[in-house]
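# Notes for the structure review
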Amino acid sequence: MRICGIKLTHDGAVALVEDGQLVFCLEQEKRDNNRRYQAIDHLESIVSALAEHGLDPRDVDQFVIDGWDGDLESQFQVLSGAGPITLKGAPYVERHAEGLLTSLDGSGLMLGGRLFSYRSYPHVTGHVTSAYCTSPFAKTEQPAFCLVWDGCIFPRLYYVERRGARFLECLFPVIGHVYAAAGHHFGPYKRAGRGDWDLGVAGKLMAYIALGSVDEDIVAVFQELYQERFAGDTELASHYRADINSAEPLLARVHDFFEASALRLRDQAPEDVLASFHLFLERLLVSEMATAVERHAHLSGARNLCIAGGCGLNIKWNSALREAGLFDAVWVPPFPNDSGSAIGAACSAMVVQNGFVPLDWSVYSGPALLDGQLPSGWNSEPCSMRKLASILASNKPVIFLTGRAELGPRALGGRSILAAATSPEMKDYLNDVKLREHFRPVAPICLEDRAPEIFSPGTPDPYMLFDHQTRAEWRDKVPAVVHLDGSARLQTISRTSEHKVAELLIEYEKLTGIPLLCNTSANHHGRGFFPGAAAACGWGKIEHIWSDGVLLTKIPETELSPVDGALTLV
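Figured I'd write up the structure that's included with this text. (Residues numbered from 1 in each chain as written. Predicted model: local features only at pLDDT ≥ 70, side-chain atom pairs only at ≥ 80, totals over all residues. Heavy atoms only, no water.)

## A word on the packing of aromatic side chains
Inclusion rule: Whether two aromatic rings pair depends on their centres lying within 6.5 Å, for rings of Phe, Tyr and Trp, where Trp uses its six-membered ring; planes under 30 degrees apart make the pair stacked, over 60 edge-to-face, and the rest tilted. Only DSSP runs of H or I with at least four residues qualify as helices, and only runs of E with at least two residues qualify as strands; both kinds are numbered from the N terminus onward. Throughout this description, buried means an accessible area under 20% of the type-specific maximum (1.4 Å probe, protein chains only), exposed means over 50%, and partly exposed covers the range between. Think of it as a cone above the ring: NZ of Lys or CZ of Arg counts as a charge over the ring if it is within 6 Å of the ring centre and within 35 degrees of the ring normal.
For the structure shown, the criterion picks out 27 aromatic pairs. Ring centres of Trp149 and Trp317 lie 5.3 Å apart, and the angle between their planes is 15°; on these two criteria the pair is classed as stacked. Here Trp149, found in the loop between strand S9 (144-148) and strand S10 (156-161), pairs with Trp317, found in helix H10 (residues 315-323); they are 168 residues apart in sequence, far enough to count as distant. Residue classification places Trp149 among the buried residues on the basis of a relative accessible area of 2%. Here Phe257 and Phe258 contribute two aromatic rings whose centre-to-centre distance is 5.0 Å and whose plane-to-plane angle is 85°, an arrangement assigned as edge-to-face. Phe258 matches Phe257 in its accessibility class, with the two residues each being buried. Ring pairing ties together the aromatic residues Phe154, Phe222, Tyr226, Phe230, Tyr240, Phe257, Phe258, Phe277 and Phe280, which thus form one cluster. Against the face of Trp68 rests Lys7, its NZ or CZ located 4.3 Å from the ring centre. Against the face of Phe466 rests Arg322, its NZ or CZ located 3.9 Å from the ring centre.

See the structure below:
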């Protein structure tokens, strides 16, 4: 049974699940140097994705489109070979507590000159199914709570077991976008006008708040305004909750909240305001989750939690939930945001057929490296891992490209820039070449068995989704990966992993005694990962590029001759 999941709106992607196994997920931003959050505007992208894996649309048994904005249904305006068409989809949220797996059946999906029928499940359904079906709980048939906190919705709590799932409650009346909206009113991303949501701000704010300090008086202001405008029995709060399905009035009331905050906090440093707001939301999340878990204590099974939705990328909130002692285990997939929605759409159809069974998947299921003609000015030679480790040990960064791209928004060794972490200047250098602010951290990628020696807790974290503190005795040894507050967005990888980046870390450890490297994404500013070595060479900001066993080294301009021609990397 082949199921093709499709996410048409921002973070557009095409995923294929065959007999319970993820065959691929191609995110639009990771193809052809597309911009971040690229949507699928033309249905030909779906045909192309299938063709790259030797498939025709007629080879697919079922197409599933992820739902989107709307009370009863959503609509998508897309292009096909015949011109513009309108497709209908399920709404953002299920219509009733037991309706998570209720689909909207549609027709008119024009692919390769043929019309296909499809199903569409609510947007939140894909978050629930992708989070649970990829979790360790699915493998052992354990039930789990599932928290979905996405941009346009309040945090929603579900209960999932093998035979089904149901909605339990909203934890509190705050939409996920409120965090990014705070950055539009305070700090370096402040805007003159109200504007729309910016998908990139939330992650930057997580870095920026390390510049500030929590002030309990500021927290108290946010608590008071939260009650007055969102949660309480006031007229303002009642109007806010009544408009939850209407984007424009909802956006206006969120901006009203922050404008009222700014009047009260005009004399406070913006970094302190944002750090305090972050902690206010964290405390609210943990306390309301604790109350909800107690309220649903009658539900059987182990206390497990899956986290999904865009807020699942907030490593500090994830860690706070894990450390609260409410759950035996916490799982966050590497694509908790909408980058996993195509997978979730396919999983939704799989669940309808088979129940909440585990998905057989790998995080390295993205696009394969593209072959292509390299620009002139680069030398090419075979390169062993030991030689590559010695280049890194000499404090030279390397673009590291291997195999298929990782899923989700974070580079995990398949499309990475790697560098030694021993120089405090390396973080600034990497931020400079990537046009990032200097307060932004660079993540460490570390051999799993040695991570507890360097970080606290240092527990396995293969997808950079929890917060770890760097131990004091290591901060001066690896300063490039230590954030301003001593934290690190750690990625661990097993020494026995077959992935090439593990082999490189082992060789680097042999040379230096240090089992970690800096790891940041290999991409143009504002674009997805480099699709191949040619794109990395075209960027030209890093002298060394390693692509599946081949080392490309930039020739200094003084050494170029008129006969230096283009290379083809195969």
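Now that the structure has been shown, the text picks up again.
## Observations concerning the side chain of Gln62
In plain terms, the rule: Polar contacts, as used here, are pairs of N or O atoms within 3.5 Å; protein pairs need one atom able to donate a hydrogen and one able to accept it. Residues neighboring in sequence count only if both atoms are side-chain atoms. In what follows, residue pairs with any heavy atoms lying within 4.5 Å of each other are defined as contacts.
In this fold, Gln62 is placed in strand S4 (residues 62-66). A distance of 3.4 Å separates a polar atom in the side chain of Gln62 from a polar atom in the side chain of Gln353. Excluding its chain neighbours within four sequence positions, the residues that come into contact with Gln62 are Met1, Arg2, Ile3, Cys4, Arg119, Ala349 and Gln353.

## Details of the sheet that holds strand S19 (residues 455-456)
Put simply, the rule reads: A pair of strands is treated as paired once DSSP finds two or more bridges between them.
Spatial ordering of the open sheet is given by S19-S20-S21, a layout of three strands whose pairing is antiparallel. Because the sheet does not close on itself, it has two edges, and the strands there are S19 and strand S21 (487-488).

## A few points about unusual backbone geometry
For the peptide bond that leads from Ser456 to Pro457, omega is 10°, which places it in the cis range. Tracing the sequence through the fold places Pro457 in the loop between S19 and strand S20 (468-470). With phi around 55°, Asn33 is a residue other than glycine that occupies positive phi space. Relative to the assigned elements, Asn33 resides in the loop between strand S3 (21-27) and helix H1 (44-51).

## So, the sheet that holds strand S12 (residues 304-308)
The cut-off we apply is this: For every element, the axis is a line fit to its C-alpha atoms; helices are fit only across the contacting stretch, and the angle between N-to-C directions ranges from 0 to 180 degrees.
Strand order across the open sheet formed by five strands is S11-S10-S9-S12-S13, with mixed pairing between neighbours. Each edge of the open sheet carries a strand with a single partner, namely strand S11 (164-170) and strand S13 (329-331). For this sheet the average axis-to-axis angle between neighbouring strands, irrespective of direction, equals 25°. Note that S10 and S11 share six bridges and pair antiparallel. Opposite Val160, over in S11, you have Ala165 as the bridge partner.

## Focus: the side chain of Gln491
Following the sequence through the fold, Gln491 ends up in strand S22 (residues 491-493). Under the relative-accessibility criterion, Gln491 is labelled buried at 1%. Side-chain polar atoms of Gln491 contact the backbone oxygen of Leu412, separated by 3.2 Å. Those residues in contact with Gln491 that sit more than four places away from it in its chain are Tyr364, Ala411, Leu412, Gly413, Pro444, Ile445, Cys446, Asp461, Pro462, Met464 and Asn519.

## Quick notes on the pairing of strand S1 (residues 2-7)
Counting buried residues along S1, five of its six residues qualify, which places the element largely inside the surrounding structure. Pairing of S1 with strand S2 (residues 13-18) involves six bridges; the strand directions are antiparallel. Residue Gly5 lies in a different strand from S2, and its bridge partner there is Ala15. Between S1 and the antiparallel strand that follows it, S2, lie five residues; Asp11 among them carries a positive phi value of about 60°. Summarising the sheet, S1 and S4 pair through four bridges and their orientation is parallel. Note that in S4 the partner of Ile6 across the bridge is Ile65.

## Some details on helix H2 (residues 123-133)
Within H2, eleven of the eleven residues are buried, leaving the element largely enclosed by the surrounding structure. Where H2 is concerned, the buried positions are His123, Val124, Thr125, Gly126, His127, Val128, Thr129, Ser130, Ala131, Tyr132 and Cys133.

## Considerations on the nonpolar core
Rules: Only buried residues count toward a nonpolar core. Its members are Ala, Val, Leu, Ile, Met, Phe, Trp, Tyr and Cys residues joined through side-chain atoms within 4.5 Å.
Counting residues in each nonpolar core, the largest one holds 138 residues, and the members touching the most others are Phe63, Leu109, Phe258 and Met289. Considering every element that reaches this core, the biggest residue donor is helix H9 (residues 270-295), with eleven residues. Leaving out residues up to four positions away in the same chain, Phe258 has contacts with Val178, Ala181, Ala182, His185, Phe186, Phe222 and Phe277. Counting residues in each nonpolar core, the second largest holds 57 residues, with Phe400, Ala421, Ala451 and Phe455 among its members.

## Here's the deal with the packing of helix H6 (residues 216-231) against helix H8 (residues 247-264)
How two helices sit against one another is set out by the angle between their axes and by the gap between those axes. Convention followed: The sense of a crossing depends on the near helix, which, turned anticlockwise from the far helix by less than a right angle, makes the crossing left-handed and, turned clockwise, makes it right-handed. Here the term charged refers only to Asp, Glu, Lys and Arg, the term nonpolar to Ala, Val, Leu, Ile, Met, Phe, Trp, Tyr, Cys and Pro, and the term polar to all other amino acids, Gly among them.
Between H6 and H8, the shortest axis-to-axis distance is 10 Å and the interhelical angle comes to 145°. As for the relative orientation of H6 and H8, their crossing is right-handed in sense. Within the contact between the two elements, H6 uses Val221, Phe222, Glu224, Leu225, Tyr226, Arg229 and Phe230 and H8 uses Arg253, Asp256, Phe257, Phe258, Ala260, Ser261 and Arg264. Looking at the contact of H6 with H8 residue by residue, the class counts come to eight nonpolar, one polar and five charged.

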